[in-house]
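Summary of structural features
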Amino acid sequence: ARLAGLVWMACQFLYVPVIAASGALAARDDWAGLRRLYADTSTMLSVMVGFVSVTIAALHDQLLVVWLGHSVSQAVPILYLLLLGSTVAIVLTGVGGAMCKGIGIVRMEAIYIAAGLVINLVLKVVLIPCVGPMGTVIASAVSMVLSASMFLFLMHNRLPELPWRLSFVCVKTLLAAFCSITGLRFVLPHSGAASGRAGGLFALCTMIPCVGAIYFLFLIGFRVFTLLQIQHFAARHLSWRANVAKV
């Protein structure tokens, strides 16, 4: 649960700026600016959260060795379920929820939270007698996915000025993350298990760049980024560095 909680920590710094910016743009009735804010921050948040989720899911053995000194195979199904629910919930609702707060539409998030609570309770009542304590984890993951999907539907219906196409990047990023995790879990078991905290830390340092590269390739494959956008970003970055160097 604590490893899965790292996904929530990765996005906290974005919420307050998005709330403030969306409030200022809404006060000027600048829907073009709000659309641009939603598109840019959704891409940033979903890519960042996706990378954290892919890293935790692919390298959980090494992370547990560094943290606890040994791997815990029994925790893997729980970790995957909580990661699934947390990642989908953050990617689908993070930016939209912050923007709704900034605009002043707080009822929508209240409905989303209440729906998630009801779904969670109902699923626990149904699943715990069938599968035991694991039913609690399944209920939590499923309720997060369903309530987040409902929030996205409600938001786009309530705010037609934010078209559905702006949220497609979130879905494509989730698909890229899922494919990355699936591919990496087939490859990484053949790399050998880490022995001790030092070995686990060394394995993390060497594998994280590989995980990032594979995730980035899937992002390009799902057209979350295009090569033209990457070239444009690189040109802007080089121009910024040149201006800084002149100063």
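Below: a short report on this structure. (Residues numbered from 1 in each chain as written. Predicted model: local features only at pLDDT ≥ 70, side-chain atom pairs only at ≥ 80, totals over all residues. Heavy atoms only, no water.)

Below, the discussion takes up the packing of aromatic side chains. Counting across every chain of the model gives three aromatic pairs. For the pair Phe153 and Trp164, a centre-to-centre distance of 6.5 Å together with 45 degrees between the ring planes defines the contact as tilted. With Phe153 in helix H7 (residues 134-158) and Trp164 in the loop between H7 and helix H8 (168-187), the pair connects residues that are 11 residues apart, well separated along the chain. (Phe/Tyr/Trp six-rings, centres within 6.5 Å; stacked < 30°, edge-to-face > 60°. Helix = DSSP H or I, 4+ residues; strand = E, 2+ residues; numbered from the N terminus.)

Together, Val118, Val122, Val125 and Val126 line one region of the surface with nonpolar side chains, adding up to about 360 Å² of accessible area. Within the secondary structure, Val126 sits in helix H6 (residues 107-131). The exposure class of Val126 is partly exposed, given its relative accessible area of 47%. (Patch = residues over 30% accessible without salt bridge, like charges linked within 9 Å, V, L, I, M, F, W, Y side chains within 5 Å. Areas by Shrake-Rupley, 256 points an atom, 1.4 Å probe, with all protein chains shown as cover. Salt bridge = Lys/Arg side-chain N within 4 Å of Asp/Glu carboxyl O. Buried < 20%, exposed > 50% of the residue type's maximum accessible area, 1.4 Å probe, protein only.)

Note on pairing: side chains with opposite charge can pair once their charged atoms come close. Evaluation of the coordinates by the stated rule reveals two salt bridges. A salt bridge links Asp30 to Arg28, with the shortest nitrogen-to-oxygen separation between them at 3.8 Å. By relative accessible area, which is 23% here, Asp30 ends up partly exposed. Residue Glu109 is joined to Lys101 by a salt bridge in which the shortest nitrogen-to-oxygen separation is 3.6 Å. For Lys101, a relative accessible area of 42% puts it in the partly exposed group.

Attention now moves to H6. With 25 residues, H6 should reach 36 Å at 1.5 Å per residue; the first-to-last C-alpha distance of 35 Å fits that figure. The largest bend in H6 comes to about 30 degrees, at Lys124. Among the residues of H6, Met108, Glu109, Tyr112, Ala115, Gly116 and Asn120 are the ones counted as buried. Elements in contact with the buried residues of H6: helix H5 (76-103) and H7. Just past H6, the residue Gly132 takes up positive phi, approximately 80 degrees. (Expected span 1.5 Å × (residues − 1). Bend = angle between axes of the 7 residues up to and from the residue. Contact = heavy atoms within 4.5 Å.)

This brings us to the packing of helix H2 (residues 12-27) against helix H3 (residues 31-58). Running from N to C, H2 and H3 point in directions that differ by 170 degrees, and their axes come no closer than 10 Å. Here H2 lies roughly antiparallel to H3, going by the angle between them. Residues Phe13, Leu14, Val18, Ala21, Ser22, Leu25 and Ala26 of H2 touch H3, and the partners they reach there are Gly33, Leu34, Leu37, Thr41, Met44, Leu45 and Met48. For the contact of H2 with H3, the per-class residue count stands at 11 nonpolar, three polar and no charged. (Axes fitted to C-alpha atoms, helices over the stretch in contact; angles between N-to-C directions. Parallel < 35°, antiparallel > 145°, perpendicular 65-115°, else oblique. Nonpolar A, V, L, I, M, F, W, Y, C, P; charged D, E, K, R; others polar.)

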